[in-house]
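Letter by letter, the chains look like this.
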Amino acid sequence: MSEYLSASYLRDVVQRLQASSLASRACDYFIFKRAATLEHERTGRYEVVTGIGAPLFQEAISEWARLDQPQDPWSYFVPIGTKTKTQGYRKVKWNSNGPSDSVNGNQALLDFPFRRIPNISPMTFGWEPQPADVLRGHFTDAKPGTPARLTDVAAWWLRFTDLETVPGWAAERNTSTLTTYFRAAHSVDDAEVRALFDDVTAAREFLLPDQLADSPAGSDSYLPPPPAATSAPARASTPALAAPKELDEGLSALVTSIDDAGFTFRPWQIAAFMTAVRTKPFVILAGISGTGKTKLPRLVADATGAHATIVPVRPDWNDSTELLGYTRIDNTFVPGSLLRACAAAAADPDQQHFFVLDEMNLARVEYYLAEVLSRIEDRHIGDGPYTSEPLLPDAPTQDETDWGSVGLPRNLCIVGSVNMDESTFGFSKKVLDRAFVIEFSEVDLEVLPQVASDVPTSVWPRSMWEVASASLAAYPSPDDAIVSRVISTLVAINRPLMQAQLQIGYRVRDEIALFCLAAADYSDQFVAAAGDEIDPLDLALTMKVLPRLQGSAADLEDVLEQLFEWATPDRSDDATVGGGTAGFPLVAQRLDVMLQRLRRTGFTSYWL
């Protein structure tokens, strides 16, 4: 006959754990311990491979936090270190980046027990045992609280388990059996017990009949009600949008202001940057050194009344601690530069903010910006088009700031400047798919700028930075002629790309379409030095599609040749994948360079 812990017993367990001195990081720690134990049983290695595609890691998360009946948007519950605003509930994507982001965010602490193994993807961690006092400092709160009971933690982990399957239960039927099983399943040693739990729980407690049931209790019978106020993102009305004429005149004045400041940028470069900023809050400015990549966001901010923060990236960044923050051994929290910038932008909603990562690829972007890349894709329609989940949800409240609630506000754009040479790292598709890449390699050394005595500036209202929608699905006119042209073009491009499994997905489609829609507001400024018009779609393809193409395979050469034939002006009518007589000259020009490099060296990429 099956036996499970009853709802009344689990209700008491949850209440005691919520009131205990264990910090929320302890839950992440035990998830890692469980995943490492499972890995050790299978391979002999005591390490944790993280990510949504790591089955043992996901199994540990499920055992520790899943709800048997998820309630939108809540899919998980953590009874340890409960935060007031969510009461312990976690959303559906928590399993993909919650525990791993928390552990990765503590890598700056030299004595943290789980250490990231360098140069391995996905993120993998090894375990280093630590003494009891160190563990106590990491995983218990400094504020007074009742020590957690080991039996309660074991009971929570076993909430869905038939106790008849627990070794020794049939003979003993007491809590000591449960704690022994829990310790073996998580490789918990005596130092961890002394550091984190009340010693009294080592005593045997026999469970009474009313503490047991013949079927597992439903989560809703012993958990507190989920927070209804935050059960779904607040959907406010779309912020006011500037009229097309106001936008066009504003950008024209901005181009003049930057020129008068003594800096040389083509109108299309400024127009492309501003369009990308309005489309998505992550822009990469690439190209040769000395072309003004880092300076452009500052010039835009100075001319429009925005605010720009420039942070140089260091080569030793291998996690997010410098950007998001970390907790010291004395449990004081040190917010990172990006978290502070996000809080400042959220407190100043009427002003645009830029956070500039100078030389961002001196370190691996997917390492130190992992949490941010995930949050960029969590954006939803809230107080404006760009509202995300918290960047560091387990961060505490300190100095009257709730750092655990700070997300990416709608008025902040992350800009990275990059040089592509032998001293820097390349970009993964995860990074490229989430960013607009604008290249600054076109220079005319004969142009000598002149500084005006009075550089015009103005304060742009919030409406100048807004767009009609943050997603193509929510765009007011999805059958717009611009959207139809984008889709038909991308369908044609995907035919050769599929031959090498390089096809683009829905995210890239939507962002190219939204870029082209926003570019229509600046149509007069998409011009080259000679006055020739630049097609925003041509530019968008070079920004979102071509940077993903790199390698040395023969299949890639065939793909590049087909795309070149299709994109070349006046030749595309006869091309394999189809096109128009106008072609896409920017795409064709870069493809020609890539093909020549592939044939000459056996390898090619978008980057010069």
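Residues numbered from 1 in each chain as written. Predicted model: local features only at pLDDT ≥ 70, side-chain atom pairs only at ≥ 80, totals over all residues. Heavy atoms only, no water.

*Asks:* Let's hear about the overall build of the chain: which residues, and what values?
*Replies:* A count of helices and strands for the chain gives 22 helices and 19 strands. With 608 residues in all, the chain has 55% of them scored as buried. Considering only contacts within the chain whose residues lie at least 6 apart along the sequence, 74% involve residues at least 24 apart. Surface summary for the chain: the accessible area is close to 25,300 Å², and the carbon and sulfur share equals 52%. (Helix = DSSP H or I, 4+ residues; strand = E, 2+ residues; numbered from the N terminus. Buried < 20%, exposed > 50% of the residue type's maximum accessible area, 1.4 Å probe, protein only. Contact = heavy atoms within 4.5 Å. Areas by Shrake-Rupley, 256 points an atom, 1.4 Å probe, with all protein chains shown as cover.)

*Asks:* Kindly report on the pattern of salt bridges, identifying the contributing residues and their values.
*Replies:* Summed over all chains, the structure comprises 24 salt bridges. Glu 389 is the salt-bridge partner of Lys 91, the closest N and O atoms lying 3.1 Å from each other. Here Lys 91, found in strand β5 (residues 89-91), pairs with Glu 389, found in the loop between β15 (384-387) and β16 (397-398); they are 298 residues apart in sequence, far enough to count as distant. In this structure, Glu 561 and Arg 599 form a salt bridge, with 2.8 Å as the shortest nitrogen-oxygen distance. (Salt bridge = Lys/Arg side-chain N within 4 Å of Asp/Glu carboxyl O.)

*Asks:* Can you explain the pairing of strand β13 (residues 353-358)? Please cite residues and give values.
*Replies:* Across the 6 residues of β13, 5 count as buried, placing the element largely inside the fold. When strand β10 (residues 307-312) meets β13, the two strands line up parallel, connected through 6 bridges. Residue pairing across strands places Ile 310 opposite Val 356, the latter belonging to β13. The pairing of β13 with strand β18 (residues 412-418) spans 5 bridges and is classified as parallel. Bridge pairing in β18 places Leu 357 opposite Gly 416. (Pairing = 2+ DSSP bridges.)

*Asks:* Tell me what's going on with the packing of helix α6 (residues 150-157) against helix α8 (residues 175-186), and back it up with residues and numbers.
*Replies:* In the contact formed by α6 and α8, the axes pass within 9 Å of each other and the chain directions differ by 70 degrees. Looking at the two axes, α6 sits roughly perpendicular to α8. Facing α6, whose interface residues are Leu 150, Thr 151, Val 153, Ala 154 and Trp 157, α8 presents Thr 175, Leu 178, Thr 179, Tyr 181, Phe 182, Arg 183, Ala 185 and His 186. Of the residues belonging to the contact of α6 with α8, the class tally is 8 nonpolar, 4 polar and 1 charged. (Axes fitted to C-alpha atoms, helices over the stretch in contact; angles between N-to-C directions. Parallel < 35°, antiparallel > 145°, perpendicular 65-115°, else oblique. Nonpolar A, V, L, I, M, F, W, Y, C, P; charged D, E, K, R; others polar.)

*Asks:* Residue-level account of helix α11 (residues 267-279), with values.
*Replies:* In this model α11 runs 18 Å from its N-terminal to its C-terminal C-alpha over 13 residues, within 8% of the 18 Å that 1.5 Å per residue would give. Burial runs high along α11: 12 of the 13 residues are buried. The set of residues buried in α11 consists of Trp 268, Gln 269, Ile 270, Ala 271, Ala 272, Phe 273, Met 274, Thr 275, Ala 276, Val 277, Arg 278 and Thr 279. (Expected span 1.5 Å × (residues − 1).)

*Asks:* Any chance you could break down the nonpolar core for me, citing the residues and the numbers?
*Replies:* By size, the foremost hydrophobic cluster in this structure holds 116 residues, and its most contacted members are Phe 273, Phe 354 and Met 360. Tyr 29, Val 48, Phe 112 and Leu 178 belong to the second-largest nonpolar core, a separate cluster that totals 65 residues. (Core = buried A, V, L, I, M, F, W, Y, C linked by side-chain atoms within 4.5 Å.)

*Asks:* Any details on the sheet that holds strand β7 (residues 124-127)? Residues and values, ideally.
*Replies:* The sheet built from 3 strands is open, its strands ordered β2-β7-β6 with antiparallel pairing. In this open sheet, the two strands that pair with only one neighbour each are β2 (47-49) and β6 (114-116). Shown here is a sheet whose adjacent strand axes are inclined to one another by a mean of 25 degrees, direction ignored. Two strands pair when backbone bridges link them, and β2 and β7 are joined in this way by 3 bridges, in the antiparallel orientation. Residue pairing for β7: Glu 47 is matched across the bridge by Gly 126. Across the sheet, helix α2 (residues 24-43) is in contact with β2, β6 and β7; its angle to β2 comes to roughly 100 degrees.

*Asks:* Give me the lowdown on the packing of aromatic side chains, citing residues and values where you can.
*Replies:* Applying the stated criterion across every chain, the model contains 26 aromatic pairs. Centroid distance Tyr 76 to Trp 94: 5.5 Å. Interplanar angle 50 degrees. Geometry classified as tilted. Of the two residues, Tyr 76 sits in strand β4 (residues 74-77) while Trp 94 sits in helix α4 (residues 94-104), which places them 18 residues apart along the sequence. By relative accessible area, which is 12% here, Tyr 76 ends up buried. Look at Phe 354 and Trp 465: their rings are 5.9 Å apart centre to centre, the planes differ by 70 degrees, and that puts the pair in the edge-to-face class. Here Trp 465 lies in the loop between β19 (436-440) and α18 (481-499) and Phe 354 lies in strand β13, a separation of 111 residues in the sequence. Its guanidinium or amino end placed over the ring of Tyr 367, Arg 364 lies 6.0 Å from that ring's centre, counting from NZ or CZ. (Phe/Tyr/Trp six-rings, centres within 6.5 Å; stacked < 30°, edge-to-face > 60°. Lys NZ or Arg CZ within 6 Å of the ring centre and 35° of its normal.)

*Asks:* With reference to specific residues and values, describe the confidence of the model for the chain.
*Replies:* Residues with a pLDDT of 70 or more make up 89% of the chain, whose mean pLDDT is 85. Scored below 50 in pLDDT, residues 229-238 makes 18 contacts in the model with residues more than four places away or belonging to other chains. Predicted confidence for residues 572-580 stays below pLDDT 50, and this span has 21 contacts to residues more than four positions away or in other chains. (pLDDT = per-residue confidence, 0-100.)

*Asks:* Account for the sheet that holds β19, naming residues and giving values.
*Replies:* The strand order across the open sheet formed by 5 strands is β10-β13-β18-β9-β19, and the pairing between neighbours is parallel. This sheet does not close on itself; its edge strands, each paired only once, are β10 and β19. Strand-to-strand twist of the sheet, defined as the mean angle between neighbouring strand axes without regard to direction, takes the value 20 degrees.

*Asks:* Which residues make up unusual backbone geometry, and what values do they have?
*Replies:* It is generally the case that most residues other than glycine have a negative phi and that most peptide bonds are trans. The phi angle at Ser 187 is positive, at roughly 55 degrees, despite the residue not being glycine. Considering the arrangement of structural elements, one finds Ser 187 in the loop between α8 and α9 (190-196). The residue Gln 501 is not glycine, and still its phi comes out positive at about 55 degrees. Take Gln 501: it is sitting in the loop between α18 and α19 (506-519).

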